[in-house]
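# Report on the structure
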Amino acid sequence: MLTQTTTRVLEPSDLDAALAVLDRDPVSNAFVTSRVHVAGLDPWRLGGEMWGWYEDGMLTSLCYAGANLVPICATPRAVRAFADRARRTGRRCSSIVGPAESTAQLWRLLEPSWGPAREVRAHQPLMVTDRMPDGIAPDPHVRRIRKDEMETIMPACVAMFTEEVGVSPLAGDGGLLYQARVAELVGAGRSFARLDDSGRVVFKAEIGAATPLACQIQGVWVAPEYRGTGLAAPGMAAVLRYALSDVAPVVSLYVNDFNTPARRTYHRVGFQEVGAFMSVLF
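Everything numeric here is computed off the predicted structure, so don't read it as measured data.

The rules we used
Residues numbered from 1 in each chain as written. Predicted model: local features only at pLDDT ≥ 70, side-chain atom pairs only at ≥ 80, totals over all residues. Heavy atoms only, no water. Helix = DSSP H or I, 4+ residues; strand = E, 2+ residues; numbered from the N terminus. Salt bridge = Lys/Arg side-chain N within 4 Å of Asp/Glu carboxyl O. Buried < 20%, exposed > 50% of the residue type's maximum accessible area, 1.4 Å probe, protein only. 1 Å grid on protein atoms, 1.4 Å probe; cavity = no way out; pocket = protein on both sides within 12 Å on 5 of 7 lines; lining within 4 Å. Points joined across faces, edges and corners; volume = space filled by probe spheres on them. Nonpolar A, V, L, I, M, F, W, Y, C, P; charged D, E, K, R; others polar. Pairing = 2+ DSSP bridges.

## A few points about the environment of G187
Structurally, G187 is set in helix α7 (residues 176-187). Remark: the alpha-carbon pair of G187 and Y54, spanning 133 residues in sequence, is separated by 38 Å.

Printed below as a string of structure tokens:
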């Protein structure tokens, strides 16, 4: 029995306790929860370690330490403990991302040793809906991408990622990891697009994280020459319909606060702001 405040790397036997923490905020924690549902807590399958913070023997906070460093239901004391562990292990992640308050505290503690960051996005509104919008018909041309259409969807995925993150996902390993992730979503039936008459993607989005309680739309992109032509809102409504009918009862996304057109579109489709994320990009 752990009787004091302490952190440790969780093991597969800690799965139920970890899920109980994750389920306290199913929307904010959808990304990590979806991975844990698939991989459990085995670090090799999970793609990183899950750190646990205990108070009086109870697991109360988590931190996922993989390609991203993600504080989960993290109290200020837990964040300090996670920052200490992260400093000792050194930076292995490409970003820190999570609820804005705990992520900001974590970055304040890590910046002296891990900084400078390539970019800090301090306020990314977290938006949620549980119903279809009134007055916006889903685009009937938005459909699931098939497994034999990887060559069709990949250029749009690479363009979206490069525009959003500021670096190409093809750097480093030639894009093998990124291509595998896109293929995983296509194979799961969670990649959607509208193609023009020449077979080129003009709108796309994915349902990235998916749990029984909530899912998260990501990678929303409109081809530059089609922006401002009214594709985004009906396209989002189409993806939202798939998400609500096939995946989860609550659908979320988070968006950069400076992306005014996207925020306007999401509001039109019925998404409401319920909080904020923060991202630190290296």
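## Here we look at the pattern of salt bridges
Using the criterion set out here, one finds 17 salt bridges in the structure. D84 is the partner of R87 in a salt bridge, and the nearest nitrogen-oxygen pair spans 2.3 Å. Pair noted here: R87 and D84 are both in helix α4 (residues 76-89), with a separation of three residues, about one helical turn. On the accessibility criterion, R87 (35% relative accessible area) is partly exposed. Judged by its relative accessible area of 34%, D84 is partly exposed. One salt bridge in this structure joins E184 and R181, with 3.0 Å as the shortest N-O distance. Here E184 and its partner R181 are both found in helix α7, three residues apart, which amounts to about one turn of the helix. Residue R181 is classed as partly exposed on the basis of its relative accessible area of 30%. Connected through salt bridges with shared partners, the residues R143, R146, D148 and E149 form a single ionic network.

## Some remarks on the layout of surface pockets
Here the second largest pocket is characterised by a volume of approximately 190 Å³. Around the second largest pocket, the lining comprises 15 residues; the ones closest to its centre are W51, A65, G66, R92 and C93. Put simply, the parts of the chain that give the lining of the second largest pocket at least two residues each are β2 (49-55), β4 (68-72) and α4. Within the lining of the second largest pocket, the residues separate by chemical class into six nonpolar, six polar and three charged.

## Structural notes on the pairing of strand β8 (residues 191-195)
One ladder, built from two bridges, connects strand β7 (residues 143-144) with β8; its direction is antiparallel. Within β8, the position partnered with R143 by the bridge is A193. As paired elements, β8 and strand β9 (residues 201-210) share five bridges and run antiparallel to each other. Bridged to A193 within β9 is K204. Here β8 hands over to β9 after five residues, with G199 in that stretch at a positive phi of 85 degrees.

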